[in-house]
Every structure is written in structure tokens, then in C-alpha cells.
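# Residue-level structure breakdown
Read off the chains here:
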Amino acid sequence: MEKRTVIFDSDLSIEAYRFEGIKQKFPNHFHEFYVLGFIEGGRRYLSCKQKEYITDVGDLLLINPYDNHFCEQVGVEPLDYRSIHITPERMRELTEAVTGHGFLPEFTQNVVTNYEELSDLKAIHTLINTAGDKLEKQEALYLFLKDVLEKYTRNQPEERQLSQGVEQACRFIEEHFTEQVTLERLSEETGINPFTMIRHFTKEKNVTPHQYLTTIRIGAGRKFLEQGMSLLEVAGHCGFADQSHFSRCFKQLIGVTPKQYMNIFMWEESNEKSGD
């Protein structure tokens, strides 16, 4: 039986996800945040940045913001998986705390087979789920990050080189995601014909313009849900045709329903009030 749990930890300002018995296939997409996760059960085919992997129990996953990825089940055993999600803003704060120099790291390896320090990430997850002591959680997170930063990142991330046209298209989508974005509008903004736009955009971003637009909309939707906005309002504010379309896309990309996601912040707020 499927079980999906997501918790926002206000002490660490990160999200913790746990998927149990999951068979869902996730389409090609990206996130605007860092994902650091590990496999506890099941095998998955993962395609990330045009590289292919078969992930297994004990593997560590390190996904940068905007790393396009796709995964699906291999074999009959469903997925048991845990992860933490860290926004770029929070990651900069954490790298400052861990290294003395705040920066946005770039993971050079998306899958680490049989990661030796997996118990450290599992400890963070356990402490979050059991409302552990703040100091203990901070220590566990800092020690884990120190290890992955030293082993699997570049301290000076290489600048992503986008052509001027694709950069303009990305900026237009990010500024107009609440509107109806079409290839014709992107063509008008960039001076690139629609077919060439699809080809160049997909080559440089590894997702299509539509997939990019959907991900930007879902990212905005997450922020609105965190503020307590209703699903109907969120769908409207994010440019979705209706609430069901928003909910379907949200679960497809994030792995939980909008209501499940919203509940973690309602739970957090309720706990804060009860502690007053």
C-alpha cells in the first residue's frame, strides 16, 4: 500500500519526504530546489541530464536545481525512498555555515552507488520525523553536507551557458507563467521561429518550453500553498486551466497531492500555536 509523507522542518528550514510502496513513474521534469535522497527499497531506472542509471538500495541521489530527470520502476518491488529538499536560498545559508563561504554548489555526480555515509542522511530524516532536538538535527545536517560538498561538488559552479534566445525565453516564461504562453509569443519575444525555439530550448535546458512552464507554475503553486491559499485560487493564480489540472501536474512532479503538501504547513502552524 502506498504511503507518502512530507514534513517541513522549521528548525532546519528544509522539507523531508518519505515514499513507501510507490510505483509511480515520474516524467521528464526538473525542480527549482536541491534534492538529496536515498533508496531503501526497490530499483528504479533514472535518466538525469542525459545519463542513464539503475538505482538500487543504498544509493544516494544528488539532484541540482534545474537538473532534468525521469524515473520509473524496474522489476516488481515498489520504491521506498527518503529525501530532503533544500531551496537555493537555504542552501547558500547552509554552505556558509558549513564552509564559511556561502555559495550554490553544483553536484558533479547525480547517483552515488552504495554511499558509505548513508546513515547520516537517514539520521537527519529520523530526527525530523520524530521532532528531534534542534541542535542534534543541525549537527547531523551539517556533517552530512560537509561530506557531500567535499566529495561531490564544485566549489565554483560552472556558469550554465544559454544562448541569448533561450535565456530570453526562460525569462519570459518566468515573468508571464500566469498567462497563456505559446510558441508564437516566445518567437515574438526572441526572434526565433517556433520550431527552432523548441529544438534549441530542449537542447540547452533538457526540457521542452512546455515542461519548463509547467515546472515554473508548480514552483509558484508550492509557495501559494505554503501561504494557505485554496487549491482553486492557486490553480487560477498559476495559470492552470482548473483545479484538477493543477492537482494532477503537482502530484506528477512533486510526488504528493497539493492537499498533502498543504497539510505539512497547517500541521506546523498548529504545533506552533499549541506551543505558545
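On a predicted model such as this, the values are computed, not experimentally measured, just so you know.

The secondary structure content of the chain amounts to 10 helices and 12 strands. Taking 19 Å as the expected radius of gyration for a compact globule of 276 residues, we find that the chain reaches 19 Å, a close match to that expectation. Considering only C-alpha atoms, the chain reaches an extent of 55 × 45 × 40 Å along its principal axes. Within the chain, the fraction of its 276 residues that count as buried is 47%.

What follows deals with the nonpolar core. Judged by nonpolar contacts, the single largest core of 51 residues is most densely connected at Phe-201 and Phe-246. Looking at this core, the element that brings in the most residues is helix α7 (residues 209-226), giving six residues. Once residues within four sequence positions are removed from consideration, Phe-246 is found in contact with Ile-218, Gly-221, Leu-225, Leu-231, Val-234, Ala-235, Phe-240 and Pro-258. Formed by 29 residues, the second largest nonpolar core is a distinct cluster that contains Ile-7, Leu-36, Leu-60 and Ala-140.

Using the criterion set out here, one finds two cavities of 30 Å³ or more in the structure. Of the voids in this model, the largest cavity is the one considered here, and its volume is about 320 Å³. Taken together, 21 residues form the lining of the largest cavity, with Phe-26, Val-35, His-69, Cys-71 and Tyr-81 sitting closest to its centre. Residue assignment for the lining of the largest cavity shows that the elements contributing at least two residues are β2 (14-22), β3 (26-29), β4 (34-41), β5 (43-48), β7 (60-63), β8 (69-74), β9 (79-86) and α9 (243-254). When residues of the lining of the largest cavity are assigned to their parent elements, the largest contribution, four residues, is made by β9.

Time to look at the sheet that holds strand β1 (residues 3-9). Backbone-to-backbone hydrogen bonds pair the strands of a sheet. The strands run either parallel or antiparallel. With antiparallel pairing, six strands are arranged side by side in an open sheet as β1-β2-β9-β4-β7-β11. Of all strands in the sheet, those with a lone pairing partner are β1 and β11 (111-112), marking the two edges. Sheet topology places β2 next to β9; six bridges connect them, and they run antiparallel. Residue pairing for β9: Tyr-17 is matched across the bridge by Ser-83.

Next up on the list: the pattern of salt bridges. In total, this model carries 14 salt bridges according to the counting rule given. Lys-137 is paired through a salt bridge with Asp-11; the nearest N and O atoms lie 2.8 Å apart. Placement of the pair is Lys-137 in helix α3 (residues 134-152) and Asp-11 in the loop between β1 and β2, with a sequence separation of 126 residues. A salt bridge links Arg-18 to Glu-40; the shortest N-O distance between them is 3.8 Å. One end of the pair, Arg-18, is in strand β2; the other, Glu-40, is in strand β4, with 22 residues separating them in the sequence. Overall, Arg-18 belongs to the partly exposed group, its relative accessible area being 26%. One salt-bridge network, held together by shared partners, links Arg-18, Glu-20, Glu-40, Arg-82 and Lys-122.

Conventions adopted
Each chain carries its own residue numbering, running from 1 in the direction its sequence is written. Per-residue local features of the predicted model are confined to residues with pLDDT of at least 70, and side-chain atom pairs are confined, for both listing and counting, to 80 or more; whole-chain, interface and lining totals are unaffected and use all residues. In computing side-chain values, all of the structure's heavy atoms are included and hydrogens and water are not. Strands are runs of DSSP state E lasting at least 2 residues, helices are runs of H or I lasting at least 4, and numbering of each runs from the N terminus. Our radius of gyration is a C-alpha quantity, and the globule rule it is checked against amounts to 2.2 Å times the number of residues to the power 0.38. Accessible area is worked out with a 1.4 Å probe on protein chains only. A residue is then buried under 20% of its type maximum, exposed over 50%, and partly exposed in between. Side-chain atoms within 4.5 Å link the members of a nonpolar core, which is a set of buried Ala, Val, Leu, Ile, Met, Phe, Trp, Tyr and Cys residues. Pairs of residues are marked as contacts when any of their non-hydrogen atoms sit within 4.5 Å. Points on a 1 Å grid over protein atoms alone make up a cavity when a 1.4 Å probe fits among them but cannot get out, and a pocket when they form an open set with protein on both sides within 12 Å along at least five of seven lines; lining residues each have an atom within 4 Å of a point. Grid points are joined across faces, edges and corners, and a volume is the space filled by probe spheres set on the points. Pairing between strands requires that DSSP locate at least two bridges from one strand to the other. Definition used for salt bridges: Asp or Glu carboxyl oxygen within 4 Å of a side-chain nitrogen of Lys or Arg.

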